[in-house]
Amino acid sequence: MKTAEQSRNRLADDYALVRAYSEKLAAALSAEDCALQSMPDASPVKWHLAHTTWFFETVILAKQPGYRPVDPRFAFLFNSYYEALGPRHPRPRRGLLSRPSLDEIYAYRAQVDAAMLKACSDETLRDAILLGLNHEQQHQELILTDIKHAFFSNPLLPAYRPELSASHAAQKLEWLAHAGGAVEIGHQGEGFAFDNETPRHPVLLQPFAIASRPVSNGEYQAFIADGGYRRTEFWLSDGWTRAQEENWEAPLYWLKDGDGNESVFTLCGVQSLDLHAPVEHVSFYEACAYAAWAGARLPTEFEWEASQMAHGEVWEWTRSSYDPYPGFKPFTGIAAEYNGKFMVGQMVLRGGSSATPRGHIRATYRNFFPPQARWQFSGIRLARDA
Ligand SMILES: [Fe+2]
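Owing to the predicted nature of the structure, the values given are computational and were not obtained by experimental measurement.

### Considerations on the overall build of the protein
Helix and strand content of the protein: 10 helices and 12 strands. On C-alpha atoms alone, the protein measures out to a radius of gyration of 22 Å, which is about the 21 Å that the 2.2 N^0.38 rule sets for 386 residues. Based on the C-alpha atoms only, the size of the protein along its principal axes is roughly 65 × 50 × 35 Å. Looking at the protein as a whole, 51% of its 386 residues are labelled buried. Within the protein, counting contacts between residues at least 6 apart in sequence, those at least 24 apart form 77% of the total. As displayed, the protein offers around 17900 Å² of accessible surface, 54% of which is attributable to carbon and sulfur atoms.

This is the structure:
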């Protein structure tokens, strides 16, 4: 049995580990790199480092008697979307924040960390601290997705890390049958979960089959070679319009050299396309078009969860729109705006990616993005009716 003292120390250790990992991710980057914003959807690394700190300061420290904010102006700069907390700097202009400097942001982090380590010994703050840590882990993935997009926008195509990623072995695709029926969906019990994963509830499934692994680059290449991006019959109307407007011909980071050979931009720089690796950086629209071409469909998020898929290679688009579960109740307080208000116009992704911190992956986790989003590590798993 864990004593209260051990539980407090464990929380302080977890806090220190998660906070250090964000700084480790940023350590490979220069101050100039950390200030870049390549598009409105992406944020500078510096902003992620500051915003996650602001979150702890606002949700936890600001409520402690006698606490004075490190810099009261940071509330305007580093609030992301919390309307209840007042006006904020516009998201598309985060790349203009050359001040405060990166050094000042690290000093901000250190000051908040010192206060937070004391807060970790207060058992009544445990849930709020766990929320802050899971929030920071979400931003750790965004640090990688956003710097990848920023580096892709640089004609020099710099590498975030020098080592090459491991190549994948060929893996046969098998269809795993599920008998359908009533299944229990959502989080229950011990351990952290976001409000959007609850309450656990029954869902009735029809019999179906789901692919044993995500769609590979080689399979996606065959879709392109068969005219996948030019054949309207595979596309949702909105998807076709978007593909035409943005001239989509391949996943976001695929490149072609003069001889027509395909390579791909990765966090390790430009590499030859690994035909057995899961295809990444496709939108929901491309995922649906591929599935139609392959004579299949995307799984619903409930089919996905009921199938107990392996996680962590690539986020997998599902055919489920991001909706509240029956009986959904948002977190209380400031965090009420965390998830619920985004439940319109977005699709659920399941799994986890190579950029997701390992402790942040679980079967009930619901990621969500608009159907046109491509800069996330998003891929495809097929399903079909039985
Ligand atoms: Fe955030």
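On we go.
### Some remarks on the coordination of the iron ion
Taken together, His-51 (NE2), His-135 (NE2) and His-139 (NE2) make up the full set of protein donors to the iron ion, lying 2.2 Å away. Positions of the donor residues of the iron ion along the chain correspond to the pattern H-x83-H-x3-H. Taken together, the residues span about one helical turn, with His-135 and His-139 both in helix α6 (residues 126-152) at a distance of 4 residues. The burial state of His-135 is the same as that of His-139; both residues are buried.

### Regarding the nonpolar core
One finds Tyr-220 and Ile-380 to be the most contacted residues of the largest nonpolar core, which totals 89 residues. Sorting elements by how many residues they give to this core places α6 first, with 9 residues. With sequence-adjacent residues up to four places away left out, Ile-380 is seen in contact with Pro-214, Val-215, Tyr-220, Val-279, Val-282, Ala-287, Tyr-290 and Leu-298. Counting 10 residues, the second largest nonpolar core, distinct from the first, contains Phe-208, Ile-210, Met-309 and Ala-383.

### Notes on unusual backbone geometry
At the junction of Arg-99 and Pro-100, the peptide bond is cis and its omega measures out at -5° in the coordinates. By the secondary structure assignment, Pro-100 is in the loop between α4 (74-78) and α5 (102-119). Residues Thr-198 and Pro-199 are joined by a peptide bond in cis, for which omega reads -5°. Of note, Pro-199 is situated in the loop between β2 (181-185) and β3 (201-205). Positive phi, normally seen in glycine, also occurs at His-281, with a value near 65°. With respect to the element layout, His-281 can be found in the loop between β7 (269-272) and α9 (284-293). A relative accessible area of 3% places His-281 in the buried class.

### Things to note about the side chain of Arg-381
Here Arg-381 shows up in the loop between β11 (378-379) and β12 (383-385). Engagement of the side chain of Arg-381 in a polar contact is seen with the side chain of Glu-316, the distance being 2.7 Å. With sequence-adjacent residues up to four places away left out, Arg-381 is seen in contact with Ile-210, Ala-211, Ser-212, Arg-213, Pro-214, Arg-297, Leu-298, Pro-299, Trp-304, Met-309, Ala-310 and Glu-316.

### What to know about the packing of helix α1 (residues 4-27) against helix α3 (residues 45-59)
Closest axis-to-axis distance for the α1/α3 pair is 10 Å, and the angle between their directions is 165°. Here α1 is positioned roughly antiparallel relative to α3, judged by the angle of their axes. Between α1 and α3 lies a crossing of left-handed hand. On the side of α1, the interface is formed by Tyr-15, Arg-19, Ser-22 and Ala-26, while α3 contributes Val-45, Leu-49, Thr-52, Thr-53 and Phe-56. Among the residues forming the contact of α1 with α3, the class breakdown is 5 nonpolar, 3 polar and 1 charged.

### Some remarks on the environment of Phe-76
Looking at the element boundaries, Phe-76 is found in helix α4. By relative accessible area, Phe-76 is classed as partly exposed at 39%. Once the C-alpha coordinates of Phe-76 and Ala-107 are considered, the two residues, 31 residues apart in sequence, prove to be 18 Å apart. For Phe-76, the contacting residues outside a window of four places in its chain are Pro-87, Arg-88 and His-89.

### Observations regarding the side chain of Gln-376
Mapped onto the elements of the fold, Gln-376 is located in the loop between β10 (367-369) and β11. A residue is classified by how much of its surface remains accessible, and Gln-376, at 3% relative accessible area, is buried. Those residues in contact with Gln-376 that sit more than four places away from it in its chain are Leu-142, Thr-145, His-281 and Phe-369.

### A short note on the sheet that holds β12
What the 3 strands build is an open sheet, ordered β1-β4-β12; its pairing is antiparallel. The open sheet is flanked by β1 (175-178) and β12, the only strands paired with a single partner. If you compare each strand with its neighbour and ignore which way they point, the axes differ by 25° on average. Both strand β4 (residues 208-211) and β12 contribute to a ladder of 3 bridges, which runs antiparallel. Of the residues in β12, the one forming a bridge with Phe-208 is Asp-385.

### Points about the packing of aromatic side chains
Per the stated rule, a full pass over the model turns up 31 aromatic pairs. Ring geometry for Phe-152 against Tyr-253: centres 4.7 Å apart, planes inclined by 80°, an arrangement best described as edge-to-face. Highlighted residues: Phe-152 in helix α6 and Tyr-253 in the loop between α8 (237-245) and β5 (254-256), separated in sequence by 101 residues. When the centroid spacing of 6.1 Å and the interplanar angle of 80° are considered together, the rings of Tyr-220 and Trp-254 count as edge-to-face. Taken together, the residues span a long stretch of sequence, with Tyr-220 in helix α7 (residues 217-225) and Trp-254 in strand β5 at a distance of 34 residues.

Cut-offs and rules
- Residues numbered from 1 in each chain as written.
- Predicted model: local features only at pLDDT ≥ 70, side-chain atom pairs only at ≥ 80, totals over all residues.
- Heavy atoms only, no water.
- Helix = DSSP H or I, 4+ residues; strand = E, 2+ residues; numbered from the N terminus.
- Rg over C-alpha atoms; globule rule 2.2 N^0.38 Å.
- Buried < 20%, exposed > 50% of the residue type's maximum accessible area, 1.4 Å probe, protein only.
- Contact = heavy atoms within 4.5 Å.
- Areas by Shrake-Rupley, 256 points an atom, 1.4 Å probe, with all protein chains shown as cover.
- Donors = N, O, S within 2.8 Å, 3.2 Å for Na, K, Ca; no water.
- Core = buried A, V, L, I, M, F, W, Y, C linked by side-chain atoms within 4.5 Å.
- Polar contact = N/O pair within 3.5 Å; in protein donor to acceptor, adjacent residues only side chain to side chain.
- Axes fitted to C-alpha atoms, helices over the stretch in contact; angles between N-to-C directions.
- Parallel < 35°, antiparallel > 145°, perpendicular 65-115°, else oblique.
- Left-handed = near helix turned anticlockwise from the far one by under 90°.
- Nonpolar A, V, L, I, M, F, W, Y, C, P; charged D, E, K, R; others polar.
- Pairing = 2+ DSSP bridges.
- Phe/Tyr/Trp six-rings, centres within 6.5 Å; stacked < 30°, edge-to-face > 60°.

In short, geometric facts, not functional conclusions.
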